[in-house]
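Reading the structure
In case you want the letters, here they are:
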Amino acid sequence: MTELGLPKQILACLFDLDGVITRTAVVHAAAWKRTFDDFLRQREGDGFRPFDDADYAAHVDGLPRADGVRSFLASRGMQLPEGTPDDPPDRESVHGLGNRKNALLLDMIRTDGVEAYEGTLRYIEAVRARGLRTAVVSSSANCRDVLRSVGAEDLFDVRVDGVVAAERRLPGKPRPDTFLAAAKDLGVTPSEAAVFEDALAGMDAGRSGHFGYVVGVDRVGQSAALRAHGADIVVRDLDELGERP
């Protein structure tokens, strides 16, 4: 292992955004909860079963927005018309509900701002100082704006986010396609790239893509689940990797 805590063959690092680089996973979860709870209350009345942390982890965390809507609704035996990506937030469709969540998310970010994990930023700077290439891989269509808000856009050679995935028609996590595209854009093979993720869907993508190393970042106490879904190692913060021999 190198002083970065990575196997010696690793030439590039692929980082998820929400929950790894920025403290936005909790904001995403809150926006999803408000969106789904309002929807369920309208459908089922005040006796509805609320959206909870287990629903977030199992059905929406790390997934593209529309996939998260489909997955959660299916778990409750519900369906909505697909609609189109430009559906307004008040439309009763998969995309409408997803856009409602995104509008809430952006409002919460504008109101409260975005905070980066300083340990992650220090680790990325160390990675780049040692000549490794870096990419951010996120299902978020707001990835560039979030990176700019924390002054981190220049830390990445490649960005494969929700906008890029839509342009290239890449399926999102748990499929490995966005990570594979980032590795290709960086000029490395999957075995020469390390994946850094906090979501179970991201672990699945790292494992199925046969990447050289998969780092699980445990922000919410799900270390065992991250390992079960393919993490080679689990840390609470990326600073811990630099401490390993």
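Placed above this text is the structure.
These numbers were taken from a predicted model, which means no experiment stands behind them.

Basis of the calculations
Residues numbered from 1 in each chain as written. Predicted model: local features only at pLDDT ≥ 70, side-chain atom pairs only at ≥ 80, totals over all residues. Heavy atoms only, no water. Pairing = 2+ DSSP bridges. Helix = DSSP H or I, 4+ residues; strand = E, 2+ residues; numbered from the N terminus. Axes fitted to C-alpha atoms, helices over the stretch in contact; angles between N-to-C directions. Contact = heavy atoms within 4.5 Å. Buried < 20%, exposed > 50% of the residue type's maximum accessible area, 1.4 Å probe, protein only. Right-handed = clockwise from strand over helix to strand, strands pointing away. Core = buried A, V, L, I, M, F, W, Y, C linked by side-chain atoms within 4.5 Å. 1 Å grid on protein atoms, 1.4 Å probe; cavity = no way out; pocket = protein on both sides within 12 Å on 5 of 7 lines; lining within 4 Å. Points joined across faces, edges and corners; volume = space filled by probe spheres on them. Nonpolar A, V, L, I, M, F, W, Y, C, P; charged D, E, K, R; others polar.

Here we look at the sheet that holds strand β2 (residues 133-137)
- In spatial order, the strands read β3-β2-β1-β4-β5-β6; together these 6 strands make up an open sheet with parallel pairing. Two strands lie at the open edges of the sheet, namely β3 (158-160) and β6 (233-235), each paired on one side alone. Strand-to-strand twist in this sheet, taken as the mean axis angle between neighbours without regard to direction, amounts to 20°.
- Sheet topology places strand β5 (residues 213-217) next to β6; 3 bridges connect them, and they run parallel. Along β6, the bridge assignment pairs valine 217 with valine 235.
- The strands that helix α8 (residues 177-186) touches are β1 (12-15), β2, β3 and β4 (193-197); relative to β2, the one it contacts most, it runs at about 150°.

Focus: the pairing of β5
- With 5 of 5 residues buried, β5 lies mostly within the body of the structure.
- What you see with β5 is no split at all: Tyr213, Val215 and Val217 on one side and Val214 and Gly216 on the other are buried throughout.
- Note that β4 and β5 share 4 bridges and pair parallel. Looking at β5, one finds that alanine 194 is bridged to tyrosine 213.
- A crossover connection joins β4 to the parallel β5 through helix α9 (residues 200-208); in handedness this β-α-β unit is right-handed.
- Between the parallel elements β5 and β6, the chain passes through helix α10 (residues 223-228) in a crossover that is right-handed.

Observations regarding the nonpolar core
- Core analysis: the biggest nonpolar cluster contains 32 residues, and Leu6, Phe15, Ile21, Tyr123, Phe196 and Leu238 have the highest contact counts within it.
- Taken together, the elements giving at least two residues each to this core come down to β1, α5 (118-129), α6 (143-149), β4, β5 and β6.
- At 5 residues, α5 tops the list of elements feeding residues into this core.
- Ranked by size, the runner-up nonpolar core spans 18 residues in total, among them Ala25, Trp32, Phe39 and Phe72.

Some points on empty space enclosed by the protein
- Counted according to the given criterion, the structure contains 2 cavities of 30 Å³ or more.
- One number sums up the size of the largest cavity: a volume of about 220 Å³.
- Taken together, 21 residues make up the lining of the largest cavity; nearest its centre are Asp18, His28, Leu63, Lys101 and Ser139.
- Mapped onto the lining of the largest cavity, the elements with two or more residues apiece are α1 (25-44), α2 (53-60) and α4 (94-112).
- Looking at which element gives the most residues to the lining of the largest cavity, the answer is α4, with 3 residues.
- Its residues assigned to classes, the lining of the largest cavity comprises 7 nonpolar, 7 polar and 7 charged.
- Its boundaries defined by the atoms lining it, the second largest cavity holds a volume of some 30 Å³.
- Lining the second largest cavity are Asp18, Thr24, His28, Leu105, Ile109, Ser140, Asn142 and Val146.
- Across the lining of the second largest cavity, the residue classes tally to 3 nonpolar, 4 polar and 1 charged.

Notes on unusual backbone geometry
- Of note, the bond from lysine 173 into proline 174 is cis; its omega dihedral lies within 30 degrees of zero at 15°.
- Looking at the secondary structure, you find proline 174 in the loop between α7 (162-168) and α8.
- The phi torsion at arginine 169 lies on the positive side, around 60°, for a residue other than glycine.
- By the element assignment, arginine 169 lies in the loop between α7 and α8.
- Non-glycine residue histidine 210 carries a positive phi angle of around 55°.
- Of note, histidine 210 is situated in the loop between α9 and β5.

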